[in-house]
Amino acid sequence: SKCFNVRYTLLTLPTSSDLKRAMAKELKIERDRSNVDVQELTHIWDGGELVTKTRREMEDIVFSDPTFSNDDKYFLSTEEAFVRGMEKSVRYVEWSKKLNIMDDSQRRPYFKRAINTELPIGLSEGMFIPTLEGQASDEQLKKWLGPAKRHEIIGAYAQTEMGHGTFIRGLETTATYDPTTREFVLNSPTLTSLKWWPGSLGHTATHAVVVARLITKGTDYGIHQFFVPLRSLKDHRPLPGIKAGDIGTKFGYFGADNGFLRLDHVRIPRENMLMRYAKVDVDGTYIKPAHERISYATMIMIRAYLVFFSADLLSRAVTIATRYSVVRRQTPSKPDGLETQILDYVTHQYKLLPEIANSYALKMASRFMMELYVQSKGQINEGDLSSLPVLHATSSGLKAFSTEMACRGIEVCRLACGGMGYSLASGLPYIYVTAVPSQTYEGDNTVLYLQTARYLHKVYSQRQAQSELPADVAYLASDYPRHRTCAARSPYQLFDAHIQLEAYRQRAVRTVSKAYYIMGLAVTKGMDQSDAWNATSVEWVRAAKAHCHLSVLQMFIKAVQTLNMSPNNQHIFKALCDLFALHGIVENGREFRQDGYMSSEQLDMTQTQIYDLLTIIRKEAVPLVDAFDHRDELLCSVLGRYDGDVYNHLYQWALKCPRNKSEVHPSYDLHLKKLLKPTAAKL
């Protein structure tokens, strides 16, 4: 790359050899004194030894191919990042064919993850193909799926519009059936109906699944999906009636090719409507699907994946911050002593170590969420839609909870690195801008919490017995015991999983019942249901968050109780779970004290136990993040280097900056010289 053509003779100045050895020594001490079996924890994190082996094999291939290098990643302009992403996309397809991994649900995702770059073709595999697989008829699949998987066509999923995102039913794009030609006419009737944001859409996709309002025989049947050619396969020019392009510079995702699409009475054959469920006959007769929300399956899949995505990104950030917090020293604790490692400050531990626990908690939740999705998908494919409401509510809530927790945690990690966290060299700004849009894409988090809340409202209002309800909401049953006070009488009892879960259940049921009660009062005073829902929506969001927090804790505790691991790993894993539980109680103390369930004394005990847990986890902090097994090539972070040689590489990184390729910057002759020359003459 042009960013690396400069050579300097002073590369070894910033760090003496003694200091280099000291940097390596800091992390070596942490690893040598550990009682944790890192390899075993890595297998637990990945989901098994074979999964770890597969992931590492894919990483070895990617990291050994210079095309996938990210050495100059942070020096690229947005246009250079897009072009580089396209180069990597083509190379990825070549490897995909060579390794035959297109249909491999394990190797392919790990290969793409290792590339660690937004690929302009990414949404073709991420949403376009899964939508075809889930919504296209068998005949349509025979026609389109092969070319899509062979990358002979590149697809986008065009749903979001300039004026509508999460509220799918409000989409304005129309698809009007013309029985005389047996075609659908797709049109963007307003400025706000332009498709806006879909990945791969701007300058990459040749086709798109367009989500539009189906109109036939004068009746609007709501949103449906259509297979629409966008660009010529000969010269890539937009087809007649198609106007597509890039939406402009964003906060991040420079290689993702987020685009806009305007459809001007574009005609497609009737057969291009995705017809696995809903159909339109030749004469325009509409045949409705068995369930009106069945077309949401692709979005639910993405939401389920985002729980995994959140755990992955948060774990990267906390790896960087933890390693740097061991290397970085700040102020001696004693006047004549060595400066203290910042991770030895309890205030720093209180910031950072809960994020290690949160990473493991979200990882366990992601595993549960994907299992639920796969199980429900199988039932849906067999025509059993009974699991869809639970799947929708769970995926909505966990997507919102996990992305919110991850983004907040990544920012905590950045701040934990002080001023260095603001440098792109830390890798943390990139992780943050990668994570933060997940709070709004595939459903705004507030709206998703409210969708989960509607499910909770429905369950609570039915007053059913525990035996009649799914396990995750059994605490809302009419016969579930309401405990007036927390059973913990001694600090040690707070480590009891039953006491922790009961505290979270009582918090959840109290927030749900409070929202339900306030809403009921509003209705009795004459407010209609929709206005009453809006008036109490803040309470319902709070209830949904409490429910999701409980769900994640349940999944974490189940993992602690069921996973096979060595006694030392079992001990530290339990400590992480306890920290997740108790830190959540302290951070949401008002809700746990509601109705006097927990006393001030019990909250004080909880805080004291957190300090004890910090001491335990601090000793294993580095091995715990090592177990995530994030290689330096993936972290792209000077601060998070495995060897701890931070300062030398930080200086080398700065020297690679394109602005430093000459000692006198061109701006001197263009501008600065005008200011300095008169002064120089006087001096």
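Please refer to the structure placed before this passage.
Everything numeric here is computed off the predicted structure, so don't read it as measured data.

A. Main features of helix α4 (residues 78-99). Taking 1.5 Å per residue as the helical rise, α4 with its 22 residues ought to reach 32 Å, and the 31 Å between its terminal C-alpha atoms agrees with that figure. Every buried residue belonging to α4 is among A81, F82, G85, K88, S89, Y92, V93, W95, S96 and L99, and all of these are buried. Along α4, the residues classed as buried sweep out an arc of 165° about the axis, all on the same side. Looking at α4, the residues exposed on the side facing more than 90 degrees away from the buried face are E79, K97 and K98. Residues of α4 that are buried make contact with α3 (49-64), α5 (107-115) and α6 (122-135). Positive phi shows up at N100, right after α4, with a value of about 55°.

B. The arrangement of the packing of aromatic side chains in detail. In this structure the tally under the stated criterion is 24 aromatic pairs. Centroid distance W45 to F628: 4.5 Å. Interplanar angle 50°. Geometry classified as tilted. Separated by 583 residues along the polypeptide, W45 in helix α2 (residues 38-46) and F628 in the loop between α19 (621-626) and α20 (632-635) bring together distant segments of the chain. With respect to class, W45 is no different from F628; both count as buried. Judged by centre distance (6.4 Å) and plane angle (45°), the ring pair of W95 and F111 falls under tilted. Highlighted residues: W95 in helix α4 and F111 in helix α5, separated in sequence by 16 residues. Among the aromatic residues, ring-to-ring pairing joins W45, Y360, F556, F573, F580 and F628 into one connected group. The positively charged end of K363 is found above the aromatic ring belonging to W45, 4.9 Å away from the centroid. Residue placement shows R454 over the ring face of W533; its charged tip is 4.3 Å from the ring centre.

C. Spatial organisation of the side chain of Q159. Secondary-structure assignment places Q159 in the loop between β1 (155-158) and β2 (174-178). A polar contact of 2.9 Å, which involves the side chain of Q159, links it to the side chain of Y157. Setting aside anything within four residues of it in sequence, one finds Q159 in contact with I168, L171, K195, P198, V211 and M299.

About the criteria used
- Residues numbered from 1 in each chain as written.
- Predicted model: local features only at pLDDT ≥ 70, side-chain atom pairs only at ≥ 80, totals over all residues.
- Heavy atoms only, no water.
- Helix = DSSP H or I, 4+ residues; strand = E, 2+ residues; numbered from the N terminus.
- Expected span 1.5 Å × (residues − 1).
- Buried < 20%, exposed > 50% of the residue type's maximum accessible area, 1.4 Å probe, protein only.
- Arc of directions from axis to C-beta.
- Contact = heavy atoms within 4.5 Å.
- Phe/Tyr/Trp six-rings, centres within 6.5 Å; stacked < 30°, edge-to-face > 60°.
- Lys NZ or Arg CZ within 6 Å of the ring centre and 35° of its normal.
- Polar contact = N/O pair within 3.5 Å; in protein donor to acceptor, adjacent residues only side chain to side chain.

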